[in-house]
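The lines below spell out each chain.
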Amino acid sequence: IATGDTNVSDSCTVSNESTSISVEKVWSGVEWELYPEVVIYLQANSVDTGRSVVLDGIEDDNETDPWQYTFTNLPYYGVDGEKIEYSVRERKINM
């Protein structure tokens, strides 16, 4: 996901009937110190799920590494039996 000179990458892991999606904020051409945190929103089938994470570059209980996070225990299928397509979006940063 690209936002100006910054981007967020994601990857997905499936196990049994649940899945996870990992995100990593990658700063490119921007001093990250100017933007001490970013908000990443989880989407299911292009609709916000209400789940988000604030990445601030400090490894803590929410982040697997600084600037990384994994949304876990996500249903693989919707109530209609169709596979759910997960994605993430980043709150726009005013540069």
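These remarks concern the structure in this document. (Residues numbered from 1 in each chain as written. Predicted model: local features only at pLDDT ≥ 70, side-chain atom pairs only at ≥ 80, totals over all residues. Heavy atoms only, no water.)

**Observations concerning the overall build of the chain**
From N to C terminus, the chain includes 0 helices and 7 strands. Nonlocal contacts in the chain, meaning residues at least 24 apart in sequence, comprise 54% of its contacts between residues at least 6 apart. As presented, the chain carries roughly 5,900 Å² of accessible surface, and 45% of it is formed by carbon and sulfur atoms. (Helix = DSSP H or I, 4+ residues; strand = E, 2+ residues; numbered from the N terminus. Contact = heavy atoms within 4.5 Å. Areas by Shrake-Rupley, 256 points an atom, 1.4 Å probe, with all protein chains shown as cover.)

**Examining the pairing of strand 5 (residues 47-55)**
Across a regular strand the side chains alternate sides, sitting on one face of the sheet and then on the other. Bridge analysis of strand 4 (residues 38-44) against strand 5 gives 6 bridges, and the strand direction is antiparallel. What sits directly across from Val38, in strand 5, is Leu55. Here strand 4 hands over to strand 5 after 2 residues, with Asn45 in that stretch at a positive phi of 50 degrees. (Pairing = 2+ DSSP bridges.)

**Here's the deal with the sheet that holds strand 7 (residues 86-90)**
Pairing between the strands of a sheet is mediated by backbone hydrogen bonds and can be parallel or antiparallel. Spatial ordering of the open sheet is given by 5-4-7, a layout of 3 strands whose pairing is antiparallel. Both edges of this open sheet fall to strand 5 and strand 7, since each of them pairs with a single strand only. When the angles between neighbouring strand axes are averaged without regard to direction, this sheet yields 25 degrees. (Axes fitted to C-alpha atoms, helices over the stretch in contact; angles between N-to-C directions.)

**Structural notes on the pairing of strand 7**
Side chains of strand 7 alternate between two faces, with Tyr86, Val88 and Glu90 buried and Ser87 and Arg89 left unburied. With 5 bridges joining them, strand 4 and strand 7 adopt antiparallel strand pairing. When the bridges of strand 7 are listed, Tyr41 appears paired with Arg89. (Buried < 20%, exposed > 50% of the residue type's maximum accessible area, 1.4 Å probe, protein only.)

**Comments concerning unusual backbone geometry**
Even without being a glycine, Asn45 presents a positive backbone phi close to 50 degrees. Turning to its location among the elements, Asn45 is positioned in the loop between strand 4 and strand 5. The backbone of Asn73 shows a phi angle near 55 degrees, a positive value even though the residue is not glycine. Examined against the element boundaries, Asn73 turns out to sit in strand 6 (residues 68-75).

**What to know about the side chain of Lys25**
Relative to the helices and strands, Lys25 is located in strand 3 (residues 18-27). Judged by its relative accessible area of 3%, Lys25 is buried. Only 2.9 Å separates the side chain of Lys25 from the side chain of Glu90, close enough to count as a polar contact. (Polar contact = N/O pair within 3.5 Å; in protein donor to acceptor, adjacent residues only side chain to side chain.)

**As for the nonpolar core**
One finds Ile21, Ile40, Leu42, Leu55, Phe71, Tyr86 and Val88 to be the most contacted residues of the largest nonpolar core, which totals 18 residues. When contributions to this core are tallied by element, the ones reaching two or more residues are strand 3, strand 4, strand 5, strand 6 and strand 7. Tallying contributions element by element places strand 4 first for this core, with 4 residues. Leaving out residues up to four positions away in the same chain, Phe71 has contacts with Thr19, Ser20, Ile21, Ile40, Leu42, Arg51, Ser52, Val53 and Val88. (Core = buried A, V, L, I, M, F, W, Y, C linked by side-chain atoms within 4.5 Å.)

Remember that the coordinates give geometry; whether it matters functionally is a separate question.
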